Amino acid sequence: QVQLQESGGGLVQAGDSLRLSCAASGRIFSILNIGWFRQAPGKEREFVASINWSTGRTYYVDSVKGRFTISKDNTRNTILLQMNNLEFEDTAVYYCAAGWPAPTNARDFRSWGQGTQVTVSS
């Protein structure tokens, strides 16, 4: 249905910024939510942010509010996650995912990318 490919991860210092990109191929149904999740070693997969493809409504986990911004480019079928003021606790593999209907629950996301590593040192 929808294939997702993340890019933009890297190793940065605390306080730095990164921008993750999720390129979607195939049809993106307008009802879908596109989200970012992350998983650190030894931790459960955690919801980070999502956006509804049709309405543009956004959702964020409390720990990233004010620091991360999710956006979409319908023309390019791309979802961006701008991450500012990164913290050590943000270190994780970040996954892009698409699903419906819940915008924040991992179990409702059916298509997943392979992930991109974000490492924050300091």
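None of the values given here were measured: they were computed from a predicted structure. (Residues numbered from 1 in each chain as written. Predicted model: local features only at pLDDT ≥ 70, side-chain atom pairs only at ≥ 80, totals over all residues. Heavy atoms only, no water.)

Caption draft 1: Spatial organisation of the sheet that holds strand β7 (residues 68–73). Here 4 strands make up an open sheet; going across it, the order is β1-β3-β8-β7 and the pairing antiparallel. The open sheet has two edge strands with one neighbour each: β1 (3–7) and β7. Between one strand axis and the next, the sheet turns by 15 degrees as a mean value, whatever way the strands run. (Pairing = 2+ DSSP bridges. Helix = DSSP H or I, 4+ residues; strand = E, 2+ residues; numbered from the N terminus. Axes fitted to C-alpha atoms, helices over the stretch in contact; angles between N-to-C directions.)

Caption draft 2: Highlighting unusual backbone geometry. A cis amide bond links Trp-100 to the next residue, Pro-101, at an omega of 5 degrees. On the secondary structure map, Pro-101 appears in the loop between β9 (92–99) and β10 (109–112). Despite not being glycine, Asn-85 has its phi angle at roughly 50 degrees, a positive value. Mapping Asn-85 onto the fold places it in the loop between β8 (78–83) and β9. Located in the positive-phi region is Ser-122, a residue other than glycine, with phi close to 130 degrees.

Caption draft 3: A look at the packing of aromatic side chains. Across all of its chains, the model carries 5 aromatic pairs by this definition. When the centroid spacing of 5.7 Å and the interplanar angle of 70 degrees are considered together, the rings of Phe-37 and Phe-47 count as edge-to-face. Of this pair, Phe-37 sits in strand β4 (residues 33–39) while Phe-47 sits in strand β5 (residues 46–52), and the two are 10 residues apart along the sequence. No difference in accessibility class separates Phe-37 from Phe-47, as the two residues are buried. Between Phe-37 and Trp-112, the ring centres sit 5.0 Å apart and the planes meet at 55 degrees, which makes this aromatic pair tilted. Here Phe-37 is found in strand β4, whereas its partner Trp-112 is found in strand β10, with 75 residues between them in sequence. (Phe/Tyr/Trp six-rings, centres within 6.5 Å; stacked < 30°, edge-to-face > 60°. Buried < 20%, exposed > 50% of the residue type's maximum accessible area, 1.4 Å probe, protein only.)

Caption draft 4: Quick peek at the side chain of Thr-78. Mapped onto the elements, Thr-78 comes out in strand β8. According to the relative accessible area criterion, Thr-78 is buried, its value standing at 15%. Reaching out from Thr-78, the side chain makes a polar contact with the backbone oxygen of Arg-76 at a distance of 3.0 Å. Setting aside anything within four residues of it in sequence, one finds Thr-78 in contact with Ser-21, Cys-22, Trp-53, Ser-71, Lys-72 and Asp-73. (Polar contact = N/O pair within 3.5 Å; in protein donor to acceptor, adjacent residues only side chain to side chain. Contact = heavy atoms within 4.5 Å.)

Caption draft 5: Layout of a nonpolar patch on the surface. Side chains of Phe-29, Ile-31 and Trp-100 sit close together on the surface and give an oily, nonpolar patch of about 300 Å² of accessible area. Here Trp-100 lies in the loop between β9 and β10. Residue Trp-100 is classed as partly exposed on the basis of its relative accessible area, which comes to 42%. (Patch = residues over 30% accessible without salt bridge, like charges linked within 9 Å, V, L, I, M, F, W, Y side chains within 5 Å. Areas by Shrake-Rupley, 256 points an atom, 1.4 Å probe, with all protein chains shown as cover. Salt bridge = Lys/Arg side-chain N within 4 Å of Asp/Glu carboxyl O.)

Caption draft 6: Expanded view of the environment of Tyr-94. Within the secondary structure, Tyr-94 sits in strand β9. Take Tyr-94: its relative accessible area is 0%, and that puts it in the buried class. Separated by 87 residues in the primary sequence, Tyr-94 and Ser-7 place their C-alpha atoms 9.4 Å from one another. Setting aside residues no more than four positions away along its own chain, Tyr-94 makes contact with Glu-6, Leu-20, Trp-36, Phe-37, Arg-38, Val-48, Phe-68, Leu-81, Met-83, Gly-115, Thr-116 and Val-118. Reaching out from Tyr-94, the side chain makes a polar contact with the backbone oxygen of Asp-90 at a distance of 2.6 Å.

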